[in-house]
Amino acid sequence: MEAQKKVLMGMTVDELKETVKALGMPAFTGGQIAQWMYQKHATSIDQMTNLSKDNRERLKQQFTVGSMPPRECQRSADGTVKYLFPVRCAQHETAGEPTRFVETVYIPDGERATLCVSCQVGCKMNCLFCQTGKQGFDGNLTAADILNQIYSLPERESLTNVVFMGQGEPMDNLEAVLKTTTILTGKDGYAWSPKRITVSSVGIKHKLKRFLDESECHVAISMHSPIHEQRQELIPAEKAMPIEDIVALLKQYDFTHQRRCSFEYICFGGMNDSVDYAKAIIRLLNGLECRVNLISFHEIPDSPLPGSDRKRMEAFRDYLTGHGIFTTIRASRGQDILAACGLLSTAAQNKAHKPAT
């Protein structure tokens, strides 16, 4: 059965070369497979016609490309599209039909088209404002799972940017995230510029530093409050890596040329959207080349948090910008299909497809 075979997608070119050598094929065959997958987007080994028929048959006995189309699609009035992708994370890759799912959001905007990908089923961070965290954690995605959200996207050819801002905390699944970005930016992979990719994080001690050292992709930090005590209430991970430590780490890196550093900041009405908070952000970020993206709060069930109004957000933006911190208000997209920031959850789909015990 196809589902019982090992998956080629998500392997780096070096891993593909080792794989074919173990099957008695020349190493360059691994490079050919990488071209077929990451440049031509082959969905089957039979399509790899510059491999000999014998080698294709040998590969097919143990391997499959592993691409999986989305199971569901929801379209917003504003053009945003939310896809439901099956993933293999919660089981061995050879154990049969996937029974877990993640949501992926495609956001077209004129000549720009951004894909918001997920890296975990659920999330361990349990941020107060995020529906994904309320789902709990149900597994890390493999590099193939993450990459498949791009590989099998119907609008793949129109993509200009990818953001790791979907379900899950990227630094909590760092190996798979780094492997995916390596394939996306490598000359034997998609050969994208790292400037097309942004990876978000609440800040995970040691892992954030490793990401900054090993990747050239943009980084976005979920701040949401410059005050330690309040941020800890919103983001429990603040206890292990305070925002002051995150900023101190970021100041060790160069964000003045190709790479960009940004901070995500959800505005909660009367809680973190006053001038006093803007002043605290200015003090915190002093000396760091960065930008701040303000985000409207999208209410989730049983949340005590209030949303900020547009007028207060504009005043907050103008104060920060007037004091040297480039600040924007992110347009809210896909709210009518629960695709906006903080609303992604596949708890119902995952529960429905879990095998009976």
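Relevant structure appears above.
Residues numbered from 1 in each chain as written. Predicted model: local features only at pLDDT ≥ 70, side-chain atom pairs only at ≥ 80, totals over all residues. Heavy atoms only, no water.

Enquirer: Quick rundown of the sheet that holds strand β13 (residues 291-296)? Include the residues and the values.
Expert: One open sheet holds the 10 strands; their spatial order is β3-β4-β5-β6-β9-β10-β11-β12-β13-β14, and the pairing between them is mixed. Only two strands of the sheet have a single partner each, and these edge strands are β3 (72-75) and β14 (326-329). Taking each pair of neighbouring strands and ignoring which way they run, the sheet shows an average axis angle of 20 degrees. Summarising the sheet, strand β4 (residues 81-87) and strand β5 (residues 100-109) pair through seven bridges and their orientation is antiparallel. Counterpart to L84 in the pairing with β5 is E103. (Pairing = 2+ DSSP bridges. Helix = DSSP H or I, 4+ residues; strand = E, 2+ residues; numbered from the N terminus. Axes fitted to C-alpha atoms, helices over the stretch in contact; angles between N-to-C directions.)

Enquirer: Give me helix α1 (residues 13-22): which residues, what numbers.
Expert: By the burial criterion, the buried members of α1 are V13, L16, T19 and V20. All buried residues of α1 fall inside an arc of 115 degrees around its axis, so they share one side. Exposed residues pointing more than 90 degrees away from the buried face of α1 are listed as D14 and A22. Buried-residue contacts for α1 involve α2 (28-39) and β2 (63-64). Looking one or two places after α1, you find G24, whose phi comes out positive at around 85 degrees. (Buried < 20%, exposed > 50% of the residue type's maximum accessible area, 1.4 Å probe, protein only. Arc of directions from axis to C-beta. Contact = heavy atoms within 4.5 Å.)

Enquirer: Would you mind going over the pairing of strand β9 (residues 161-164) in detail, with residue names and values included?
Expert: Going residue by residue along β9, you find N161 and V163 tucked away on one face and V162 and F164 tucked away on the opposite face as well. Pairing of strand β6 (residues 112-116) with β9 involves three bridges; the strand directions are parallel. Across the sheet, the residue bridging to C116 is V163, located in β9. When β9 meets strand β10 (residues 197-201), the two strands line up parallel, connected through three bridges. Among the inter-strand pairings, V163 is bridged to a residue of β10, identified as T198.

Enquirer: Now, about unusual backbone geometry: what can you tell me, with residues and values included?
Expert: The backbone of H41 shows a phi angle near 55 degrees, a positive value even though the residue is not glycine. Examined against the element boundaries, H41 turns out to sit in the loop between α2 and α3 (53-62). Notably, A191 is not glycine yet its phi reads approximately 60 degrees, a positive angle. Mapped onto the elements, A191 comes out in the loop between α6 (174-185) and β10.

Enquirer: Which residues make up the packing of aromatic side chains, and what values do they have?
Expert: For the coordinates displayed, the defined rule picks out six aromatic pairs. Measuring from ring centre to ring centre gives 5.7 Å for Y190 and W192, while their planes differ by 85 degrees; the resulting arrangement is edge-to-face. One exposure class covers both Y190 and W192, and it is buried. Of the aromatic side chains, those joined through ring pairs into one cluster are Y38, Y190 and W192. Sitting over the face of the ring of W36, K40 holds its NZ or CZ atom 4.0 Å from the ring centroid. Above the ring of W192, the side-chain terminus of R196 is found at 4.0 Å from the ring centroid. (Phe/Tyr/Trp six-rings, centres within 6.5 Å; stacked < 30°, edge-to-face > 60°. Lys NZ or Arg CZ within 6 Å of the ring centre and 35° of its normal.)

In short, geometric facts, not functional conclusions.
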